[in-house]
Amino acid sequence: MDSGVKKAIADIQALRVQGAGEVAKASLKALAAASRRSRAASRDGFLREMEEWAIQLGRARPTEPAARNMLAMGMVRLRESDSQDTAKLREAGHRIFDGLSREIDPMRERIAEEGYKLISDGDVVLTHCHSRAAIGVLLRAKKEGRRFGAIVTETRPLYQGLLTARDLSRAGIPVTYCVDSASGSMMGKATKVLVGCDLIHVPAGSIVNKVGTLPIAVLARQFGKPFYVACSTVKAAEDVAIEERSPAEVLSKRMPGVTVANPAFDVTPAELVTAIITEKGILRPEDVGRQRHY
Ligand code: RUB
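Residues numbered from 1 in each chain as written. Predicted model: local features only at pLDDT ≥ 70, side-chain atom pairs only at ≥ 80, totals over all residues. Heavy atoms only, no water.

Asker: Help me out: how do you make sense of the overall build of the protein in this one?
Answerer: The helix and strand inventory of the protein stands at 11 helices and 11 strands. Here the C-alpha radius of gyration of the protein, 20 Å, is about what a compact globule of 294 residues would show, namely 19 Å. When its C-alpha atoms are laid out on the principal axes, the protein stretches across 65 × 50 × 35 Å. Within the protein, the proportion of its 294 residues that are buried is 54%. Of the contacts made within the protein by residues no fewer than 6 positions apart, 77% connect residues no fewer than 24 positions apart. If you average the places of the 44 positive and of the 35 negative side-chain charges in the protein, the two averages end up 4 Å apart. (Helix = DSSP H or I, 4+ residues; strand = E, 2+ residues; numbered from the N terminus. Rg over C-alpha atoms; globule rule 2.2 N^0.38 Å. Buried < 20%, exposed > 50% of the residue type's maximum accessible area, 1.4 Å probe, protein only. Contact = heavy atoms within 4.5 Å. Lys, Arg positive; Asp, Glu negative; His and termini not counted. Charge placed at Lys NZ, Arg CZ, Asp CG, Glu CD.)

Asker: Please clarify how the site of the ligand should be interpreted in this entry.
Answerer: Within the structure, the ligand sits among 18 residues, and Ser 131, Gln 160, Asp 198, Asn 209 and Lys 210 are positioned closest to it. Arg 61 is positioned such that a nitrogen or oxygen atom in its side chain is 2.8 Å from an oxygen atom of the ligand. A distance of 3.0 Å separates an oxygen atom of the ligand from a polar backbone atom of Ala 133. Judged by its atoms lying within 2 Å of the grid points, the ligand is housed in the largest cavity. Listed by contribution, the elements that provide at least two residues to the shell around the ligand are α2 (20-37), α7 (132-143) and β6 (206-210). Tallied by class, residues from the shell around the ligand come to six nonpolar, seven polar and five charged. (Near = heavy atom within 4 Å. Polar contact = N/O pair within 3.5 Å; in protein donor to acceptor, adjacent residues only side chain to side chain. 1 Å grid on protein atoms, 1.4 Å probe; cavity = no way out; pocket = protein on both sides within 12 Å on 5 of 7 lines; lining within 4 Å. Sits in = over half its atoms within 2 Å of the grid points. Nonpolar A, V, L, I, M, F, W, Y, C, P; charged D, E, K, R; others polar.)

Rendered as structure tokens:
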């Protein structure tokens, strides 16, 4: 396998690259670079190699359709180029996958543009894990002069909440940081919930995000608080596979007779989602499937 593809997969699996958008970006950039390095001697050989690497990158984390959808879109575009010249194909591959990787930041900016209007003075926004799409909405709201605070859950077992607390507090947003199990105690103080998402299950529109999102959505409904999701339509998928991660992330030492469950994500049904903030506007969960183009 190409060394850059191998490294990208290792970084994604170890969460050195974290969050759906960044996983997609790293996968696309790795394939763009690998395209230039390919030594395949024929068009067919080159396409086979690229297809195989795209599949491996797409499988690095099973709950990340943004990476898979965009890699598949890139392969469709690459096959449309009818050149037999491998040097030209290598450059086409680089251009296509690098170009796709550059679509992610503008999508996030569009989500921020759509979403910041939902944040009002006096809001206290509860968020979970580390989503650049959700953080983008909050940073934009802050830039537009909204005065609000955030409640950030630590996000066991890997503490991605620390990254969120850092990003928000650096921007001058007051942050209250709490353990995941304090969500129930804190929900009364929140005015709304805003989280990111790894996968929108179409057509129904349930959302898959970091484990712990579902109980927060249930609490939001119980307390009558809106539950918003910031998420690009490239995360739409027909199938859901929940990644099960190593028990060592939860318990450093094995305990005889104890089995550790460590699902990385959970599924929040569409009826608990107030709206999904996408690059194509603020949508009802069941409308996302119609808006996808990847
Ligand atoms: C990250 C996570 C994020 C989504 C969305 O989980 O659940 O909420 O990936 O992120 P992990 P983004 O840390 O296991 O990758 O908005 O940045 O795409």
